[in-house]
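Read off the chains here:
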Amino acid sequence: MEKSNQKYQAYVEILKEELIPAMGCTEPIALAYGAAKAREVLGELPSRVKVEASGSIIKNVKSVIVPHTHHLKGIPAAVAAGIVAGDADKQLEVISGVDESGKCHIDEFLRNIDIQTEYLESDNVFDLIITLFKGSSYTKVRISDYHTNIILIEKDQKILFEKKDNKEEQIEKSRVDRSLLDMESIWDFINSVDCEDIQEVLERQIQYNTAISNEGLRGDYGANIGKVLLNSCSDNIRTRAKAKAAAGSDARMNGCELPVIINSGSGNQGMTCSIPVIEYAKEYQVSHEKLLRALALSNLTAIHEKTGIGTLSAYCGAVSAAAGAGAGIAYLTGGDYKAVIHTIVNSLAIVSGIVCDGAKASCAAKIAASVDAAILGYDMYKQGQQFKGGDGIVMKGIEATIQSVGRLGKEGMKETNKEIIKLMVKSK
């Protein structure tokens, strides 16, 4: 693929747009970002707060620890952190600079200020509105469709900023068109790309995600799935690939104050499609250039799959990310294009039934299971085995299968998502 090719430039920009740092689970951090922006516009601390959030955001905030908050969970903690100590200019790292004094101020704010939370009826699965009140003044910030997409800023009946016609297709015009992604072109790109064009963004992913994975194995986080795997399974590359990816999630879901490089708006997905590939590169002692190409393949594959599913779904994002990792692993270990696409299809056929019931400690175990399925998918191909078109949701051809999974995740699991949210709200 030539540099002048439209897809070449698009794929480089997609990696830059998607692989960005985030401190903590991205749904509570989106709330903190919106709250910090609202506080910035208000110009002072509010006396009352109202938060409206769509069901999928409520689901993903309920059980995850917000970093830099004395291990607090939930919408009020995320919003308070953004209001009291957030820096909106840092976007998804909005609360990365909070010190001990800031944590104490967050605690005090939560004790003294009423934070009202409401379910937001919306056609968008990702939608939130934060309104801050002080005397007769108020500010309102709305974020929709993805984590940093502010579509409305309002103060005292005046619209300060607004994105009109906020339909998904309009939103996407501000970013590179993901419909340009397809597996054959991704394969062409990763084999021909000038690595200098992708080096900075991918080396940052290696650095950040390796660091939080190592911290997950050092510390005591959640259910310690990474440690459990290393202590109970044979010490081989398959175990390490699963364990180290899981360890990153152990840390991230349970209050670790290290950033991650996300993929498709998710830190768990960013770690899932990078850490197993990094571990296989170490095991097979491949060149740094080949690792970068493998990571580009893994990341772009995951983004391609997730484009059809949407930002949030009842379909577990670890599944699509792990299929990307499987593609990267196949490439690293000598697999050709046919090996890569069969690995993806096999992986999706095995674990596409895993549901997303919010961000929490068990995400690490789902990551481990999904990575295991991806490696099994590649092992199947190497031994001449595969799932074929007509086997359940597997269609004839890689693109048809990815579209099938996208339809399942976006349309087919809408009612599942509603039931999961009902169960989670009832279990308060």
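What you see is a predicted model; the values in this text were computed from it and never measured.

How each quantity is defined
Residues numbered from 1 in each chain as written. Predicted model: local features only at pLDDT ≥ 70, side-chain atom pairs only at ≥ 80, totals over all residues. Heavy atoms only, no water. Phe/Tyr/Trp six-rings, centres within 6.5 Å; stacked < 30°, edge-to-face > 60°. Helix = DSSP H or I, 4+ residues; strand = E, 2+ residues; numbered from the N terminus. Buried < 20%, exposed > 50% of the residue type's maximum accessible area, 1.4 Å probe, protein only. Lys NZ or Arg CZ within 6 Å of the ring centre and 35° of its normal. Core = buried A, V, L, I, M, F, W, Y, C linked by side-chain atoms within 4.5 Å. Contact = heavy atoms within 4.5 Å. Pairing = 2+ DSSP bridges. Axes fitted to C-alpha atoms, helices over the stretch in contact; angles between N-to-C directions. Polar contact = N/O pair within 3.5 Å; in protein donor to acceptor, adjacent residues only side chain to side chain. Salt bridge = Lys/Arg side-chain N within 4 Å of Asp/Glu carboxyl O.

## Examining the packing of aromatic side chains
Part 1 of the reasoning: A full pass over the atoms with the stated rule returns six aromatic pairs.
Part 2 of the reasoning: Between Y280 and Y284, the ring centres sit 6.1 Å apart and the planes meet at 5 degrees, which makes this aromatic pair stacked. Pair noted here: Y280 and Y284 are both in helix α12 (residues 275-284), with a separation of four residues, about one helical turn.
Part 3 of the reasoning: For Y280, a relative accessible area of 6% gives the class buried.
Part 4 of the reasoning: When the ring centre of F133 is taken as origin, the NZ or CZ atom of R48, which lies over that ring, is 3.8 Å away.

## Topic: the nonpolar core
Part 1 of the reasoning: By size, the foremost hydrophobic cluster in this structure holds 124 residues, and its most contacted members are L31 and F189.
Part 2 of the reasoning: In contact with F189, not counting residues within four places along its chain, are M1, Y8, Y11, V12, L15, I198 and L300.
Part 3 of the reasoning: In this structure, I225, L229, A243 and A368 belong to the second largest nonpolar core, which totals six residues.

## Some words on the sheet that holds strand β2 (residues 48-53)
Hydrogen bonds between backbone groups are what pair the strands of a sheet, and the pairing can be parallel or antiparallel.
Part 1 of the reasoning: Across the sheet, six strands lie side by side as β5-β2-β6-β7-β8-β9; this open sheet has mixed pairing. Looking at the sheet topology across the chains shown, the edges are occupied by β5 (114-119) and β9 (158-162). Ignoring which end each strand starts from, the neighbouring axes of this sheet average 15 degrees apart.
Part 2 of the reasoning: Each of β2, β6 (127-134), β7 (137-144), β8 (150-155) and β9 touches helix α2 (residues 26-42); the most contacted strand, β7, lies at about 150 degrees to it.

## Description of the environment of T416
Part 1 of the reasoning: Its location among the elements puts T416 in helix α18 (residues 414-426).
Part 2 of the reasoning: Judged by its relative accessible area of 31%, T416 falls in the partly exposed class.
Part 3 of the reasoning: Distance from T416 to G97, taken between C-alpha atoms, is 38 Å for residues 319 residues apart in sequence.
Part 4 of the reasoning: Beyond its immediate sequence surroundings of up to four residues, T416 is in contact with A314 and V355.

## Examining the environment of N254
Part 1 of the reasoning: You can see N254 is positioned in the loop between α10 (237-253) and β10 (260-261).
Part 2 of the reasoning: Separated by 19 residues in sequence, N254 and D235 place their C-alpha atoms 26 Å apart.
Part 3 of the reasoning: Dropping the residues within four chain positions of it, N254 is found in contact with I65, H71, Y221, G222, S249 and A361.
Part 4 of the reasoning: In terms of polar contacts, N254 uses its side chain to reach the backbone carbonyl oxygen of D250, at 2.7 Å.

## Some remarks on the pattern of salt bridges
Part 1 of the reasoning: Here the structure, examined in full by the defined rule, presents 25 salt bridges.
Part 2 of the reasoning: The partner of K3 in a salt bridge is D194, and the shortest N-O contact between them spans 3.1 Å. Within this pair, whereas K3 is found in the segment before α1 (6-18), its partner D194 is found in the loop between α7 (183-192) and α8 (199-218), the two being separated by 191 residues in sequence.
Part 3 of the reasoning: With relative accessibility at 39%, the residue K3 sits in the partly exposed group.
Part 4 of the reasoning: A salt bridge links D372 to R238; its shortest N-O distance comes to 3.1 Å.

## Focus: the pairing of β8
Part 1 of the reasoning: In terms of residue burial, β8 counts as a mostly covered element, since five of its six residues are buried.
Part 2 of the reasoning: Pairing analysis gives five bridges linking β7 to β8, with the strands arranged antiparallel. Looking at β8, one finds that V141 is bridged to I153.
Part 3 of the reasoning: Pairing of β8 with β9, which is carried by four bridges, proceeds in the antiparallel orientation. Within β9, the position partnered with K155 by the bridge is K158.
Part 4 of the reasoning: Between β8 and β9, which pair antiparallel and follow one another directly, the connecting turn spans two residues, one of which, D156, has a positive phi of 50 degrees.

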